[in-house]
Amino acid sequence: MDVSFLGGPRPQRGVGVVAPFDFALDRELWRWVPDEVSLHLTRTPFVPVEVSLDLARLVSEHETLGEAVRALTAVAPEVVAYACTSGSFVGGIAGERAMCEAMTRAGALPAVTTSGALLEALTELGVRRVALVTPYTVSVTRALREYVAEAGVRITGCAYMGLTRHIWQVPYRDVVGMARQAIRPGAADALFISCTNLPTYDVIPQLEAELRMPVLSANQVTMWAALRRLGTRAVGPYQALLDAAARERPVLPEETQEGWT
(Lines give C-alpha, C1' and ligand atoms only; values in the text may rest on other atoms or scores of the structure.)
Protein backbone atom coordinates (compact mmCIF):
# COMPACT_ATOMS: atom_id res chain seq x y z
CA MET A 1 0.00 0.00 0.00
CA ASP A 2 1.37 3.39 -0.99
CA VAL A 3 1.02 5.78 1.96
CA SER A 4 3.25 8.54 0.62
CA PHE A 5 0.21 10.70 -0.13
CA LEU A 6 -0.43 11.07 3.63
CA GLY A 7 2.52 13.43 3.90
CA GLY A 8 3.15 12.78 7.59
CA PRO A 9 4.17 12.57 10.24
CA ARG A 10 3.23 16.09 11.30
CA PRO A 11 5.89 18.13 13.07
CA GLN A 12 5.55 17.93 16.84
CA ARG A 13 6.72 19.99 19.78
CA GLY A 14 7.75 18.24 22.95
CA VAL A 15 7.13 18.84 26.65
CA GLY A 16 9.28 16.75 28.96
CA VAL A 17 7.57 15.75 32.22
CA VAL A 18 9.34 14.51 35.33
CA ALA A 19 6.81 12.78 37.61
CA PRO A 20 7.14 10.93 40.92
CA PHE A 21 7.43 7.14 40.67
CA ASP A 22 3.81 6.65 41.84
CA PHE A 23 2.23 9.06 39.34
CA ALA A 24 -0.75 7.31 37.72
CA LEU A 25 -2.57 9.99 35.71
CA ASP A 26 -0.59 10.19 32.46
CA ARG A 27 -3.82 10.26 30.44
CA GLU A 28 -5.16 13.21 32.41
CA LEU A 29 -2.12 15.31 31.52
CA TRP A 30 -2.66 14.55 27.84
CA ARG A 31 -6.20 15.95 27.97
CA TRP A 32 -4.83 19.49 28.34
CA VAL A 33 -2.38 19.13 25.45
CA PRO A 34 -3.10 20.36 21.89
CA ASP A 35 -2.59 17.97 18.98
CA GLU A 36 0.74 19.39 17.85
CA VAL A 37 2.40 18.80 21.24
CA SER A 38 3.69 15.50 22.61
CA LEU A 39 4.41 14.70 26.25
CA HIS A 40 7.56 12.79 27.10
CA LEU A 41 7.24 11.41 30.63
CA THR A 42 9.85 9.96 32.93
CA ARG A 43 9.59 9.00 36.60
CA THR A 44 11.81 9.37 39.63
CA PRO A 45 13.26 6.16 41.11
CA PHE A 46 11.06 4.12 43.43
CA VAL A 47 11.48 4.62 47.17
CA PRO A 48 9.47 2.63 49.75
CA VAL A 49 7.94 5.71 51.42
CA GLU A 50 4.29 6.71 51.71
CA VAL A 51 3.07 10.17 50.70
CA SER A 52 4.63 12.50 53.26
CA LEU A 53 7.07 15.37 53.60
CA ASP A 54 9.89 12.81 53.56
CA LEU A 55 8.70 11.48 50.20
CA ALA A 56 8.33 15.01 48.85
CA ARG A 57 11.99 15.69 49.66
CA LEU A 58 13.19 12.39 48.19
CA VAL A 59 11.46 12.82 44.82
CA SER A 60 12.69 16.40 44.42
CA GLU A 61 16.41 16.01 45.09
CA HIS A 62 18.46 17.94 42.58
CA GLU A 63 20.53 14.92 41.56
CA THR A 64 17.34 12.97 40.82
CA LEU A 65 15.91 15.86 38.81
CA GLY A 66 19.13 16.27 36.85
CA GLU A 67 19.25 12.61 35.84
CA ALA A 68 15.61 12.69 34.73
CA VAL A 69 16.05 15.82 32.65
CA ARG A 70 19.21 14.51 31.00
CA ALA A 71 17.30 11.38 29.98
CA LEU A 72 14.53 13.51 28.48
CA THR A 73 16.93 15.57 26.37
CA ALA A 74 17.35 12.54 24.08
CA VAL A 75 13.93 13.36 22.57
CA ALA A 76 14.59 17.12 22.44
CA PRO A 77 11.69 18.66 24.41
CA GLU A 78 11.39 22.44 24.35
CA VAL A 79 10.47 22.73 28.02
CA VAL A 80 10.51 20.42 31.03
CA ALA A 81 7.89 20.30 33.78
CA TYR A 82 8.23 18.76 37.22
CA ALA A 83 4.76 17.34 37.91
CA CYS A 84 4.53 17.05 41.67
CA THR A 85 2.97 19.65 43.96
CA SER A 86 4.39 18.56 47.32
CA GLY A 87 7.82 17.90 45.87
CA SER A 88 7.95 21.46 44.58
CA PHE A 89 6.55 23.29 47.62
CA VAL A 90 8.37 21.35 50.36
CA GLY A 91 11.38 23.67 50.17
CA GLY A 92 9.38 26.89 50.04
CA ILE A 93 9.67 29.49 47.29
CA ALA A 94 13.47 29.46 47.36
CA GLY A 95 13.48 25.67 47.08
CA GLU A 96 11.11 25.73 44.11
CA ARG A 97 13.28 28.25 42.29
CA ALA A 98 16.37 26.16 42.98
CA MET A 99 14.63 23.12 41.47
CA CYS A 100 13.92 25.03 38.27
CA GLU A 101 17.53 26.17 38.11
CA ALA A 102 18.76 22.59 38.61
CA MET A 103 16.53 21.27 35.81
CA THR A 104 17.56 24.08 33.47
CA ARG A 105 21.24 23.39 34.12
CA ALA A 106 20.74 19.71 33.36
CA GLY A 107 18.93 20.24 30.08
CA ALA A 108 19.63 23.78 28.90
CA LEU A 109 15.91 24.43 28.47
CA PRO A 110 13.12 26.25 30.36
CA ALA A 111 11.76 24.47 33.43
CA VAL A 112 8.57 24.77 35.46
CA THR A 113 7.22 23.01 38.53
CA THR A 114 3.66 22.44 39.67
CA SER A 115 3.95 24.73 42.69
CA GLY A 116 5.68 27.45 40.69
CA ALA A 117 2.92 27.14 38.08
CA LEU A 118 0.33 27.55 40.84
CA LEU A 119 1.76 30.91 41.88
CA GLU A 120 1.99 31.95 38.22
CA ALA A 121 -1.67 31.05 37.72
CA LEU A 122 -2.78 32.92 40.84
CA THR A 123 -0.98 36.01 39.54
CA GLU A 124 -2.52 35.57 36.08
CA LEU A 125 -6.01 35.54 37.61
CA GLY A 126 -5.35 38.29 40.17
CA VAL A 127 -6.09 35.94 43.08
CA ARG A 128 -5.21 37.23 46.55
CA ARG A 129 -7.44 34.87 48.56
CA VAL A 130 -7.55 31.15 47.88
CA ALA A 131 -9.20 28.06 49.35
CA LEU A 132 -7.26 24.80 49.30
CA VAL A 133 -8.21 21.15 48.85
CA THR A 134 -5.59 18.45 49.34
CA PRO A 135 -5.53 14.66 49.60
CA TYR A 136 -2.58 14.94 52.01
CA THR A 137 -2.00 14.46 55.71
CA VAL A 138 -2.12 17.49 57.99
CA SER A 139 1.67 17.99 57.92
CA VAL A 140 1.90 18.05 54.11
CA THR A 141 -1.18 20.27 53.90
CA ARG A 142 0.41 22.66 56.39
CA ALA A 143 3.51 22.90 54.19
CA LEU A 144 1.31 23.88 51.21
CA ARG A 145 -0.41 26.55 53.29
CA GLU A 146 2.99 27.95 54.29
CA TYR A 147 4.17 28.01 50.68
CA VAL A 148 1.09 29.86 49.43
CA ALA A 149 1.22 32.30 52.36
CA GLU A 150 4.89 32.97 51.65
CA ALA A 151 3.80 34.21 48.22
CA GLY A 152 1.50 36.75 49.87
CA VAL A 153 -1.75 34.93 49.14
CA ARG A 154 -4.26 34.52 51.98
CA ILE A 155 -5.77 31.09 52.63
CA THR A 156 -9.46 31.46 53.41
CA GLY A 157 -10.37 27.80 53.87
CA CYS A 158 -8.82 24.36 53.65
CA ALA A 159 -9.99 20.75 53.51
CA TYR A 160 -7.78 17.67 53.37
CA MET A 161 -8.25 13.91 53.09
CA GLY A 162 -5.36 12.52 55.14
CA LEU A 163 -4.24 10.01 52.50
CA THR A 164 -0.77 8.46 52.27
CA ARG A 165 -1.26 6.20 49.24
CA HIS A 166 -3.45 5.41 46.21
CA ILE A 167 -4.46 9.04 45.75
CA TRP A 168 -5.22 8.46 42.05
CA GLN A 169 -8.14 6.25 43.09
CA VAL A 170 -10.09 9.06 44.78
CA PRO A 171 -13.46 9.47 42.98
CA TYR A 172 -14.67 12.80 41.67
CA ARG A 173 -17.52 12.94 44.19
CA ASP A 174 -14.99 13.02 47.05
CA VAL A 175 -13.02 15.82 45.38
CA VAL A 176 -16.23 17.83 44.99
CA GLY A 177 -17.22 17.17 48.60
CA MET A 178 -13.89 18.46 49.87
CA ALA A 179 -14.15 21.53 47.64
CA ARG A 180 -17.50 22.39 49.16
CA GLN A 181 -16.03 22.04 52.65
CA ALA A 182 -13.15 24.40 51.86
CA ILE A 183 -15.27 27.23 50.47
CA ARG A 184 -16.92 29.91 52.61
CA PRO A 185 -19.30 32.28 50.80
CA GLY A 186 -17.55 35.43 49.64
CA ALA A 187 -14.23 34.58 51.26
CA ALA A 188 -12.09 33.26 48.37
CA ASP A 189 -11.18 34.47 44.88
CA ALA A 190 -10.34 30.95 43.68
CA LEU A 191 -10.04 27.31 44.71
CA PHE A 192 -6.89 25.21 44.28
CA ILE A 193 -7.04 21.40 44.29
CA SER A 194 -3.57 20.09 45.06
CA CYS A 195 -1.64 16.93 44.07
CA THR A 196 -0.88 15.82 40.52
CA ASN A 197 -2.04 12.31 41.45
CA LEU A 198 -5.59 13.51 42.24
CA PRO A 199 -8.01 13.32 39.28
CA THR A 200 -9.56 16.72 38.56
CA TYR A 201 -10.03 17.35 34.82
CA ASP A 202 -13.78 16.76 34.65
CA VAL A 203 -14.67 18.41 37.97
CA ILE A 204 -13.15 21.80 37.14
CA PRO A 205 -15.94 23.19 34.92
CA GLN A 206 -18.61 21.75 37.19
CA LEU A 207 -17.12 23.36 40.30
CA GLU A 208 -16.53 26.68 38.54
CA ALA A 209 -20.20 26.78 37.60
CA GLU A 210 -21.31 25.92 41.12
CA LEU A 211 -18.84 28.07 43.08
CA ARG A 212 -18.72 31.00 40.63
CA MET A 213 -14.95 31.30 40.84
CA PRO A 214 -11.87 29.95 39.07
CA VAL A 215 -10.94 26.42 40.07
CA LEU A 216 -7.31 25.44 39.61
CA SER A 217 -5.78 21.99 39.90
CA ALA A 218 -2.22 20.72 40.07
CA ASN A 219 -2.16 19.03 36.66
CA GLN A 220 -4.02 21.89 35.04
CA VAL A 221 -1.59 24.61 36.16
CA THR A 222 1.41 22.42 35.30
CA MET A 223 0.29 21.90 31.71
CA TRP A 224 -0.87 25.51 31.37
CA ALA A 225 2.51 26.87 32.47
CA ALA A 226 4.56 24.42 30.39
CA LEU A 227 2.58 25.06 27.22
CA ARG A 228 2.75 28.78 27.88
CA ARG A 229 6.54 28.50 27.60
CA LEU A 230 6.00 27.13 24.09
CA GLY A 231 3.81 30.08 23.16
CA THR A 232 0.76 27.85 22.87
CA ARG A 233 -2.33 27.21 24.99
CA ALA A 234 -3.59 24.31 27.05
CA VAL A 235 -7.00 23.00 25.99
CA GLY A 236 -9.96 22.32 28.23
CA PRO A 237 -13.66 23.22 28.27
CA TYR A 238 -15.01 25.96 30.53
CA GLN A 239 -11.86 26.41 32.62
CA ALA A 240 -11.24 29.98 33.72
CA LEU A 241 -7.45 29.67 33.66
CA LEU A 242 -7.54 28.61 30.01
CA ASP A 243 -10.46 30.65 28.69
CA ALA A 244 -10.89 34.34 29.46
CA ALA A 245 -14.60 34.11 28.67
CA ALA A 246 -15.06 31.58 31.46
CA ARG A 247 -13.58 34.01 33.99
CA GLU A 248 -16.53 36.33 33.72
CA ARG A 249 -19.36 33.88 34.17
CA PRO A 250 -18.58 30.16 34.30
CA VAL A 251 -21.32 28.04 32.79
CA LEU A 252 -22.08 24.34 32.74
CA PRO A 253 -21.11 22.53 29.53
CA GLU A 254 -24.00 21.19 27.49
CA GLU A 255 -22.73 17.65 27.67
CA THR A 256 -22.12 15.74 30.87
CA GLN A 257 -18.43 15.52 31.65
CA GLU A 258 -16.84 12.07 31.58
CA GLY A 259 -16.80 10.38 34.97
CA TRP A 260 -18.93 12.99 36.73
CA THR A 261 -20.95 11.23 39.41
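Since the model is a prediction, treat every value here as computed from it, not as a measurement.

Here a ring pair, both rings aromatic, is described through the centre-centre distance and the interplanar angle of the planes. In total, this model carries four aromatic pairs according to the counting rule given. Judged by centre distance (4.8 Å) and plane angle (65°), the rings of W32 and Y201 are edge-to-face. With W32 in the loop between helix 1 (26-30) and strand 2 (37-43) and Y201 in the loop between strand 7 (190-193) and helix 9 (203-211), the pair connects residues that are 169 residues apart, well separated along the chain. Among the residues examined, W32 registers a relative accessible area of 0% and is labelled buried. Where F89 meets Y147, the ring centres are 6.4 Å apart and the plane angle is 35°; that geometry is what we call tilted. Taken as a pair, F89 in helix 4 (residues 85-89) and Y147 in helix 7 (residues 138-150) lie far apart in primary sequence, 58 residues in all. Judged by its relative accessible area of 1%, F89 is buried. Y147 gets classed as buried once you look at its relative accessible area, which sits at 1%. Taken together, the aromatic side chains of F89, Y136 and Y147 make up a single cluster linked through ring pairs.

Packing of helix 6 (residues 114-124) against helix 10 (residues 218-229) brings their axes to within 8 Å, and their N-to-C directions diverge by 80°. Classified by the interaxial angle, the pair formed by helix 6 and helix 10 is roughly perpendicular. Taking contact as the criterion, the partners of T114, A117, L118, E120, A121 and E124 in helix 6 are, on helix 10, A218, V221, T222, W224, A225, R228 and R229. In terms of residue class, the contact of helix 6 with helix 10 is made up of seven nonpolar, two polar and four charged.

This brings us to the state of the cysteines. As enumerated under the stated definition, the model contains zero disulfides in all. Free of any disulfide, C100 has its nearest cysteine sulfur in C84, 13 Å distant. There is no disulfide at C195, and the cysteine sulfur nearest it, in C84, is 7.0 Å away. Judged by its relative accessible area of 9%, C195 falls in the buried class.

Moving on to helix 3 (residues 62-72). Buried within helix 3 are the following residues: T64, L65, G66, A68, V69 and L72. Buried positions along helix 3 lie against strand 1 (13-19), strand 2, helix 2 (53-58), strand 3 (79-82) and helix 5 (92-107).

The buried fraction of helix 6 amounts to eight of the 11 residues, a majority that puts the element mostly inside the structure. Residue G126 follows helix 6 closely and has a positive phi angle near 70°.

Taken together, the four strands give an open sheet; going across it, the order is 6-5-7-8, and neighbouring strands pair in parallel fashion. A single partner strand is all that each edge strand has here, and the edge strands are strand 6 (154-160) and strand 8 (215-217). Averaged over all neighbouring strand pairs, the angle between strand axes comes to 20°, with direction disregarded. Two strands pair when backbone bridges link them, and strand 5 (residues 129-134) and strand 7 are joined in this way by four bridges, in the parallel orientation.

Alternating positions in strand 3 separate into two faces, V79 and A81 on one and V80 and Y82 on the other, with burial throughout. As judged from the four bridges shared by strand 1 and strand 3, these two strands associate in the parallel manner. Its bridge partner being in strand 3, V18 is matched across the sheet by Y82. As defined by bridge partners, strand 3 adjoins strand 4 (residues 111-113) across three bridges and the pair is classed as parallel. Note that in strand 4 the partner of Y82 across the bridge is T113.

Cut-offs applied
Residues numbered from 1 in each chain as written. Predicted model: local features only at pLDDT ≥ 70, side-chain atom pairs only at ≥ 80, totals over all residues. Heavy atoms only, no water. Phe/Tyr/Trp six-rings, centres within 6.5 Å; stacked < 30°, edge-to-face > 60°. Helix = DSSP H or I, 4+ residues; strand = E, 2+ residues; numbered from the N terminus. Buried < 20%, exposed > 50% of the residue type's maximum accessible area, 1.4 Å probe, protein only. Axes fitted to C-alpha atoms, helices over the stretch in contact; angles between N-to-C directions. Parallel < 35°, antiparallel > 145°, perpendicular 65-115°, else oblique. Contact = heavy atoms within 4.5 Å. Nonpolar A, V, L, I, M, F, W, Y, C, P; charged D, E, K, R; others polar. Disulfide = S-S within 2.5 Å. Pairing = 2+ DSSP bridges.

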